[in-house]
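An overview of the molecular structure
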Amino acid sequence: QTVRWHIELQPWASPTPSLNYEASRFLKYISTSQISCEHTNLNSLKGYSETAKKPWSICLDERFSLIHRIRSKQCRLYSLGLGNDDNQFELSMANSGCEVHRFDPGIKAAHIQEGRHLWHHRLSIDWRDPNPAIAAHKLHSNTKKLGTVLNDFGHQKIDVLKADVESAEWKILENLILEDVVEQIGQLVFEVHIHWPGFEVSGNDSTVVRYWYSLLRELELKDFRLFHTYKDLSKPQMFLKKEAFNASSCYTLSWVNTRWK
């Protein structure tokens, strides 16, 4: 299998690169469900309380594996966060019998178990592994790629990957696609930030938006379908540092891997 170093960029949205065309194509794309999912909230699961601050929607329709894996107590959730104190979604999933692993570099101990099904790990999921030969990287020894963590933990599959990583999501998503780790995931629930390009994403504005769009199209090529999109109106209404395009700086997007029946 050949290693991919770059994602396939989609053609420009217009004959000459234009931020207006790129932005409208991208925003239409993230605002349009590709598949309908009738059961998206956890209310049907025992132990769920409706105090989650954000709609972390998962697809619990019978045709996909998640609801069956929850019922048989075989489901696994990975949650990537940065100092986020809203753990209601993770607690609900753990209460419903899922094995939940929460990764946050701000946790006080290396590994903490809370209850029967919830683990907290002092680890930051990144798009690269630290290079021990580089002194600066030693500071990031608790930083790993998701594929590395899966190998370390001996996990083959994740039923749900939830990420709220304050703009690192674009490069993490790229890494999951390039290394085919995304195929080991049943559903993705990502908060995406579009008020600036994101960590280590370079280029002018239209190039950045084309890259974002191309990443999401790669997910589609891997049989992921967007079933829920939430525009966060409590956040600044900014798009690449501009008050433009009637966009929020933050969206929560949920996909289901339709290969996982």
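Think of each chain on its own: its residues are numbered from 1, step by step along the sequence as written. Residues qualify for local features only when their pLDDT is at least 70, as the model is predicted, and side-chain atom pairs are given and counted only at 80 or more; totals for whole chains, interfaces and linings, by contrast, use all residues. Values reported for side chains reflect all heavy atoms of the structure, with hydrogen atoms and water molecules removed beforehand.

Turning our attention to the state of the cysteines. Any two cysteine sulfur atoms within 2.5 Å of one another count as a disulfide. Within the structure shown, the criterion is met by 2 disulfides. Covalently, Cys 37 is tied to Cys 59 through a disulfide, its sulfur atoms 2.1 Å apart. In this structure, the disulfide formed by Cys 37 and Cys 59 twists by about 105° around the S-S bond and is classed as right-handed. Placement of Cys 37 in the loop between α1 (19-30) and α2 (65-71) and of Cys 59 in the loop between α1 and α2 is noted, with a sequence separation of 22 residues between them. Exposure class is identical for Cys 37 and Cys 59. Each is buried. Between the sulfur atoms of Cys 75 and its disulfide partner Cys 98 the distance amounts to 1.5 Å. The S-S bond linking Cys 75 to Cys 98 shows a torsion near -140°; that makes this disulfide left-handed. Linking Cys 75 in the loop between α2 and β1 (76-81) with Cys 98 in the loop between α3 (88-95) and β2 (99-103), this pair joins segments that are 23 residues apart in sequence. Taken as a pair, Cys 75 and Cys 98 share a single burial class, namely buried. Secondary structure elements are defined from DSSP: runs of H or I of at least 4 residues count as helices, runs of E of at least 2 residues count as strands, and each element is numbered from the N terminus. Each residue is assigned to one of three classes by its accessible area relative to the maximum for its type, calculated with a 1.4 Å probe on protein chains only: buried under 20%, partly exposed between the two thresholds, exposed over 50%.

Before going further, it helps to examine the pattern of salt bridges. We define a salt bridge as a contact between a side-chain nitrogen of Lys or Arg and a carboxyl oxygen of Asp or Glu at a distance within 4 Å. Per the stated rule, a full pass over the model turns up 20 salt bridges. A salt bridge links Glu 218 to Arg 4, with the shortest nitrogen-to-oxygen separation between them at 2.7 Å. Here Glu 218 is found in helix α7 (residues 205-221), whereas its partner Arg 4 is found in the segment before α1, with 214 residues between them in sequence. Across the pair Glu 90 and Lys 162 runs a salt bridge whose closest N-O atoms are separated by 2.6 Å. Of this pair, Glu 90 sits in helix α3 while Lys 162 sits in strand β7 (residues 158-164); the two residues are 72 residues apart in sequence, bridging distant segments of the chain. Here Glu 90 falls in the buried class, since its relative accessible area comes to 1%. Taking relative accessible area as the criterion, Lys 162 reaches 2% and is therefore assigned buried. Ionic contacts of the salt-bridge type, sharing partners, join the residues Asp 126, Arg 128 and Glu 200 into one network.

Counted residue by residue, β1 has 6 buried out of 6 residues, so it is predominantly covered. The alternating pattern of β1 places Arg 76, Tyr 78 and Leu 80 on one face and Leu 77, Ser 79 and Gly 81 on the opposite face, and all of these are buried. As judged from the 5 bridges shared by β1 and β2, these two strands associate in the parallel manner. Bridge pairing links Arg 76 to Glu 99 in β2. Strands were regarded as paired on the criterion that DSSP finds at least two bridges between them. Sheet topology places β1 next to β7; 5 bridges connect them, and they run parallel. Directly across from Gly 81, in β7, lies its bridge partner Asp 164.

We now examine the sheet that holds strand β8 (residues 185-193). Strand order in the open sheet made by the 8 strands is β3-β4-β2-β1-β7-β8-β10-β9, with mixed pairing throughout. The open sheet terminates on both sides in strands that have one partner only, identified here as β3 (111-114) and β9 (224-231). Going across the sheet, the axis of each strand differs from the next one's by a mean of 15°, ignoring polarity. Examined bridge by bridge, β9 and strand β10 (residues 250-257) share 7 bridges and lie antiparallel to one another. Paired with His 228 across the bridge in β10 is Ser 254. To define axes, lines are fitted to C-alpha atoms, for helices over the stretch in contact only, and angles between the resulting N-to-C directions are given on a 0 to 180 degree scale.

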